[in-house]
Amino acid sequence: MVRPHARALLCTLALLLCSTPPAAAAAREQEATTPVTPVVLVHGYNADPGVWGSLRADLLASGYPEEDVFAWGYDTSQSVNETLSGRFAAYVAQVLARTGARKVDIVAHSFGSLVTRWYIKYGGGTATVDHWVSLGGPNHGTGVAWACALWSQACRDMTPGSYVQTRLAQGDETPGDVRYGTWWSNCDEVVDPDSSVFLTGADNHPAGCLAHNDLLTDDTVSQQVRAFLRG
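Bear in mind that the values here come from a model prediction, so they are computed numbers and not experimental data. Each chain has its residues counted from 1, running along the sequence as written. It should be noted that, the model being predicted, local features are given only for residues of pLDDT at least 70 and side-chain atom pairs only at 80 or more, the latter also being counted only at that level, while totals for whole chains, interfaces and linings use all residues. Note that the side-chain values use all heavy atoms of the structure and ignore hydrogens as well as water.

Colleague: Could you clarify how one ought to interpret the overall build of the protein chain in this entry?
Modeller: A run of DSSP states H or I qualifies as a helix once it reaches four residues; a run of E qualifies as a strand once it reaches two. Both are numbered from the N-terminal end. Looking only at helices and strands, one finds 8 helices and 6 strands in the protein chain. If you list the helices and strands of the protein chain from N to C, you get α-α-β-α-β-α-β-α-β-α-α-β-β-α. Only protein chains enter the accessibility calculation, which uses a 1.4 Å probe; a residue whose area is less than 20% of its type maximum is buried, one above 50% is exposed, and one in between is partly exposed. When burial is assessed residue by residue, the protein chain has 43% of its 231 residues classed as buried. When checking whether two residues touch, look at their non-hydrogen atoms; a contact exists if any pair is within 4.5 Å. Contacts in the protein chain between residues at least 24 apart in sequence constitute 71% of all its contacts with a sequence separation of at least 6.

Rendered as structure tokens:
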């Protein structure tokens, strides 16, 4: 038989262990109720929209309606400037028409950073993009891309000094009123050098020692990206 004072103590302990701290509860409530901009997730080279399972789940759990989270799939072997940026522009137009929003947020991984940057800089995206995020983007090229440049146009676009790299680096790297953010890892085995991710005028965030694809699933990166999109 549990004595009354012991029962009261147990109840108090249960409340302390199971309740959410007031500050954390308030932050979570604010995140869930803040109006959101539709998010378009853009995967990298030789991948597909399935890579976004973890971040997509985090977005939904933090208050994004399912109908406001999109993942664009595309053939990553094609040219950034001649083909892919135009197709992405058409996709963004569909998202805006479907949601009634004026702008979208973009989260791109790796090669997807080049496609979406070209759209913003040369395809009218400064008028339709609010926040742009690059996770491990070869924004100034990567020497690793020479390994597949012989047969892949996309790999040629990722090589340092390519036409795409040269044009994206001309003038303002972060044009318009878009808010730009990058996340880079000093253990990235795909982007070489690591500093290729940085953009002048962007919020450049160190992600610690993560493998290239771990940027997609890391809890800290996810939390920071979601805070950036809400900012």
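Colleague: How do you make sense of the nonpolar core when you look at a structure like this?
Modeller: A general feature of soluble globular proteins is that nonpolar side chains tend to end up buried together. Take the buried Ala, Val, Leu, Ile, Met, Phe, Trp, Tyr and Cys residues and link them wherever side-chain atoms come within 4.5 Å; each set so joined is a nonpolar core. Val40, Phe88 and Phe111 are the most contacted members of the largest nonpolar core, which has 34 residues in total. Every element with two or more residues in this core is listed here: strand 1 (39-42), strand 2 (69-72), helix 4 (80-99), strand 3 (104-109), helix 5 (112-122), strand 4 (129-135), helix 6 (153-158) and helix 7 (163-169). With 7 residues, helix 4 is the largest single contributor of residues to this core. If near-sequence neighbours (up to four positions away) are discounted, Phe88 is found in contact with Val40, Val42, Trp72, Ile106, Val115, Thr116 and Tyr119. Within the second largest apolar cluster, 19 residues are counted, among which are Val39, Leu55, Leu210 and Leu229.

Colleague: Help me understand the state of the cysteines in this model?
Modeller: Put plainly, two cysteines are in a disulfide when a covalent bond ties their sulfur atoms together. In this description, a disulfide is simply a cysteine sulfur pair whose atoms lie within 2.5 Å. According to the stated counting rule, one finds 2 disulfides in the structure shown. Each sulfur of the disulfide joining Cys148 and Cys155 lies 1.8 Å from the other. With the S-S dihedral at roughly -90°, the linkage between Cys148 and Cys155 falls on the left-handed side. Each member of the pair, Cys148 as well as Cys155, is classed as buried.

Colleague: How do you make sense of the pairing of strand 1 when you look at a structure like this?
Modeller: Regular strands show a simple pattern: their side chains alternate between the two faces of the sheet. Of the two faces of strand 1, the one holding Val39 and Leu41 and the one holding Val40 and Val42 are both buried throughout. Here the term right-handed applies to a crossover when the path leading from its first strand over the helix to its second strand runs clockwise, the strands being oriented away from the viewer. One crossover worth recording links strand 1 to the parallel strand 2 by way of helix 3 (residues 53-61), and it is right-handed. Being paired, for any two strands, means DSSP has found at least two bridges between them. Direction of pairing for strand 1 relative to strand 3: parallel, over a ladder of 4 bridges. Within strand 3, the residue paired with Val40 across the bridge is Ile106.

Colleague: Can you help me understand the pattern of salt bridges in this one?
Modeller: Two side chains of opposite charge can pair, provided their charged atoms sit close to one another. Salt bridges, as used here, are contacts in which a Lys or Arg side-chain nitrogen is within 4 Å of a carboxyl oxygen on Asp or Glu. Counted under the stated rule, the structure contains 2 salt bridges. Close ionic contact of Glu66 with Arg56 constitutes a salt bridge, the shortest N to O distance being 3.5 Å. Residue Glu66 is found in the loop between helix 3 and strand 2, and its partner Arg56 is found in helix 3; the two are separated by 10 residues along the sequence. Given the relative accessible area of 29%, Arg56 is considered partly exposed. Salt-bridge contacts for Arg179 lead to Asp203; the nearest nitrogen and oxygen are separated by 3.2 Å. Of the two residues, Arg179 sits in strand 5 (residues 179-184) while Asp203 sits in strand 6 (residues 203-206), which places them 24 residues apart along the sequence.

Colleague: Sorry if this is basic, but what is going on with the packing of helix 3 against helix 8 (residues 219-230) here?
Modeller: The description of two helices packed together rests on the angle between their axes and the distance between the axes. The convention used is that axes are lines fitted to C-alpha atoms, helices contributing only their stretch in contact, and that angles between N-to-C directions extend from 0 to 180 degrees. Across the interface, helix 3 lies against helix 8 with an axial gap of 10 Å and an inter-helix angle of 50°. With respect to helix 8, the axis of helix 3 lies oblique. The handedness of the crossing between helix 3 and helix 8 comes out as right-handed. For the pair helix 3 and helix 8, the contacting residues are Leu55, Asp58 and Leu59 in the first and Ser222, Arg226 and Leu229 in the second. Just so you know the grouping, Ala, Val, Leu, Ile, Met, Phe, Trp, Tyr, Cys and Pro go in nonpolar, Asp, Glu, Lys and Arg go in charged, and all remaining residues, Gly too, go in polar. Looking at the contact of helix 3 with helix 8, its residues break down into 3 nonpolar, 1 polar and 2 charged. We call two directions roughly parallel when the angle between them is under 35 degrees, roughly antiparallel when it is over 145, roughly perpendicular when it lies between 65 and 115, and oblique otherwise. By definition, any crossing whose near helix is turned counterclockwise from its far helix by less than a right angle is left-handed, and any crossing with a clockwise turn is right-handed.

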